[in-house]
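Remarks on the overall topology
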Amino acid sequence: MEKNKTQKAKELNRIRRRIKAKLTTIKKFVENSSTVEEENKFILSCQQKMAIVEEIKQELEILFKDYLEIDEDETLSQKCDEEMLDIEEERNELEVSLKCLLSNYSVNENVIHNINDQNSNLKAYINHIELKTKLPEIPLPLFYGKMEEFSNFRNQFMCLINDNTELTNYQKLFYLKAALRGEAKYIETSDDTFESLFAALEERFENKRAIVDIHIRNMLKLEN
């Protein structure tokens, strides 16, 4: 029995390394994206990489569940959980990077049409200040206060909003507040700035150990 577990662990580790290798290849593609010779070919490559990233998301969910079925040493198990979480975070970051790359070739002329109807206050604000900045044709990411979703939200928001040099800090703050839902929208800071609010969100929702525990609980629920 112990031998079978060891063999299973080795097999899962090989799968994990293979996933890591895929992500490394995609990361190199993103890093070399500054030199694009054929636009259509580049867009197609981006779309293909996006499809792979989506597949990896499913593979990670299965791999995480398979690891839970192996009774390992607690120290090794914790190390494995952290490595899996790092891989998942890298996957999320690459997904955002690819979306941003694709958005560079398809810019919306009017950001208002791309914002969810729930963001009516944000629409009014944009109309009021006559915002001329063009934002990517990607919906504003929303965060509902789920700790396991914060990393992906943070990466998307930083790429789409924070890294946009044409937006003022006040505008970024307004976008951030408009993106918060549920428990997250009640997070406040005394100086009410974009930097302080984002830092407060990171302090509240960025906890790797807690995220691993949430993953484990979700996997156990699926088994019941």
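Position labels on residues start from 1 in each chain and follow its written sequence. Where local features are concerned, this predicted model is filtered to residues with pLDDT of at least 70; where side-chain atom pairs are given and counted, the filter is 80 or more; whole-chain, interface and lining totals use all residues. Side-chain metrics rest on all non-hydrogen atoms present in the structure, leaving aside hydrogens and water.

**Regarding the packing of aromatic side chains**
Stacked, tilted and edge-to-face are the three classes assigned to paired rings of Phe, Tyr and Trp, where Trp is represented by its six-membered ring and a pair needs centres within 6.5 Å; plane angles under 30 degrees give stacked, over 60 edge-to-face, the rest tilted. Summed over all chains, the structure comprises 11 aromatic pairs. The interplanar angle of 85 degrees and the centroid separation of 4.9 Å between the aromatic rings of phenylalanine 143 and phenylalanine 205 together place this pair among those described as edge-to-face. Of the two residues, phenylalanine 143 sits in the loop between helix 4 (120-129) and helix 5 (147-162) while phenylalanine 205 sits in helix 7 (residues 194-205), which places them 62 residues apart along the sequence. We note that phenylalanine 143, like phenylalanine 205, is buried. Taking the centre distance of 6.4 Å and the plane angle of 50 degrees together, the rings of phenylalanine 150 and phenylalanine 198 count as tilted. One end of the pair, phenylalanine 150, is in helix 5; the other, phenylalanine 198, is in helix 7, with 48 residues separating them in the sequence. Phenylalanine 198 carries the same exposure label as phenylalanine 150, and that label is buried. Secondary structure elements are taken from DSSP: a helix is a run of H or I of four residues or more, a strand is a run of E of two residues or more, and numbering for both begins at the N terminus. Three exposure classes are used, based on accessible area relative to the maximum for each residue type with a 1.4 Å probe and protein chains only: buried under 20%, partly exposed in between, and exposed over 50%.

**Re the packing of helix 5 against helix 7**
Think of two packed helices as two axes; the pair is described by the angle between the axes and how far apart they sit. Contact pair helix 5 / helix 7: the axes reach a minimum separation of 10 Å and the direction vectors enclose 155 degrees. Judged by the angle between their axes, helix 5 and helix 7 are roughly antiparallel. Pair helix 5 / helix 7 crosses with left-handed handedness. Along its contact with helix 5, which presents Met147, Phe150, Arg154, Phe157, Met158 and Asn162, the element helix 7 presents Phe194, Phe198, Leu201, Glu202, Arg204 and Phe205. Charged residues are taken to be Asp, Glu, Lys and Arg, nonpolar residues to be Ala, Val, Leu, Ile, Met, Phe, Trp, Tyr, Cys and Pro, and polar residues to be all remaining types, Gly included. Taken together, the residues of the contact of helix 5 with helix 7 sort by class into eight nonpolar, one polar and three charged. Every axis corresponds to a line fitted to the C-alpha atoms, with the helix fit spanning only the stretch in contact, and the corresponding angles, defined between N-to-C directions, vary from 0 to 180 degrees. Relative orientations are named as follows: roughly parallel for angles under 35 degrees, roughly antiparallel for angles over 145 degrees, roughly perpendicular for angles from 65 to 115 degrees, and oblique for any other angle. Take the far helix as the reference: if the near one is turned anticlockwise from it by less than a right angle, the crossing is left-handed, and if turned clockwise, right-handed. It only takes one pair of heavy atoms within 4.5 Å for two residues to be counted as in contact.

**What to know about the state of the cysteines**
Covalent bonding between the sulfur atoms of two cysteines defines a disulfide. Counting rule for disulfides: a pair of cysteine sulfur atoms within 2.5 Å. Tallied over the entire structure, the rule returns one disulfide. Each sulfur of the disulfide joining cysteine 100 and cysteine 159 lies 1.8 Å from the other. Of the two residues, cysteine 100 sits in helix 3 (residues 74-103) while cysteine 159 sits in helix 5, which places them 59 residues apart along the sequence. Cysteine 100 gets classed as buried once you look at its relative accessible area, which sits at 12%. We classify cysteine 159 as partly exposed; its relative accessible area is 23%.

**Observations concerning the packing of helix 6 (residues 169-179) against helix 7**
Viewed as axis vectors pointing N to C, helix 6 and helix 7 meet at an angle of 35 degrees, and their least axial separation amounts to 9 Å. For the pair helix 6 and helix 7, the contacting residues are Asn169, Lys172, Leu173, Leu176 and Lys177 in the first and Phe194, Glu195, Leu197, Phe198 and Leu201 in the second. Of the residues contributing to the contact of helix 6 with helix 7, the split by class is six nonpolar, one polar and three charged.

**Overview of the confidence of the model for the chain**
Confidence scores per residue from the predictor, reported as pLDDT, run from 0 to 100. Model confidence for the chain is summarised by a mean pLDDT of 75, while 72% of its residues fall at 70 or above. Mean pLDDT in the chain bottoms out at helix 4, which sits at 45, and peaks at helix 7, which reaches 90. The model gives residues 107-134 a pLDDT under 50, and that stretch makes 44 contacts with residues more than four places away or in other chains.

**Quick look at the pattern of salt bridges**
Whenever Lys or Arg places a side-chain nitrogen within 4 Å of a carboxyl oxygen from Asp or Glu, that contact is recorded as a salt bridge. Following the criterion strictly, the structure yields eight salt bridges and no others. The partner of glutamate 83 in a salt bridge is arginine 16, with the nearest N and O atoms 2.9 Å apart. Highlighted residues: glutamate 83 in helix 3 and arginine 16 in helix 1 (residues 2-31), separated in sequence by 67 residues. Given a relative accessible area of 14%, arginine 16 falls into the buried group. For the salt bridge of arginine 154 with glutamate 89, the shortest nitrogen-to-oxygen distance reads 2.9 Å. Of this pair, arginine 154 sits in helix 5 while glutamate 89 sits in helix 3, and the two are 65 residues apart along the sequence. Summarising the burial analysis for this pair, arginine 154 and glutamate 89 share the class buried.

**Considerations on a positive patch on the surface**
Only residues whose relative accessible area exceeds 30% and that form no salt bridge enter a patch; like-charged residues are grouped when within 9 Å of one another, and nonpolar side chains (Val, Leu, Ile, Met, Phe, Trp, Tyr) when within 5 Å. Using a 1.4 Å probe, accessible areas were evaluated by the Shrake-Rupley method; residue-level cover was limited to the displayed protein chains. Asp and Glu count as negative and Lys and Arg as positive, but His and the ends of the chain are not part of the count. Note that the charge is assigned to NZ on lysines, CZ on arginines, CG on aspartates and CD on glutamates. Taken together, the side chains of Lys10, Arg14, Arg17 and Arg18 present a region of like positive charge at the surface. Take arginine 17: it is sitting in helix 1. With relative accessibility at 52%, the residue arginine 17 sits in the exposed group.

**So, the nonpolar core**
Membership of the largest hydrophobic core comes to 24 residues, with the highest contact counts inside it found for Phe153, Phe157, Leu176 and Leu180. Those elements that place two or more of their residues in this core are helix 3, helix 5, helix 6 and helix 7. At six residues, the largest contribution of residues to this core is made by helix 7. By nonpolar core we mean a set of buried residues, namely Ala, Val, Leu, Ile, Met, Phe, Trp, Tyr and Cys, connected to one another through side-chain atoms within 4.5 Å. The next biggest cluster of nonpolar side chains, apart from the first, holds 23 residues, and it includes Ile19, Ile70, Met84 and Leu98.

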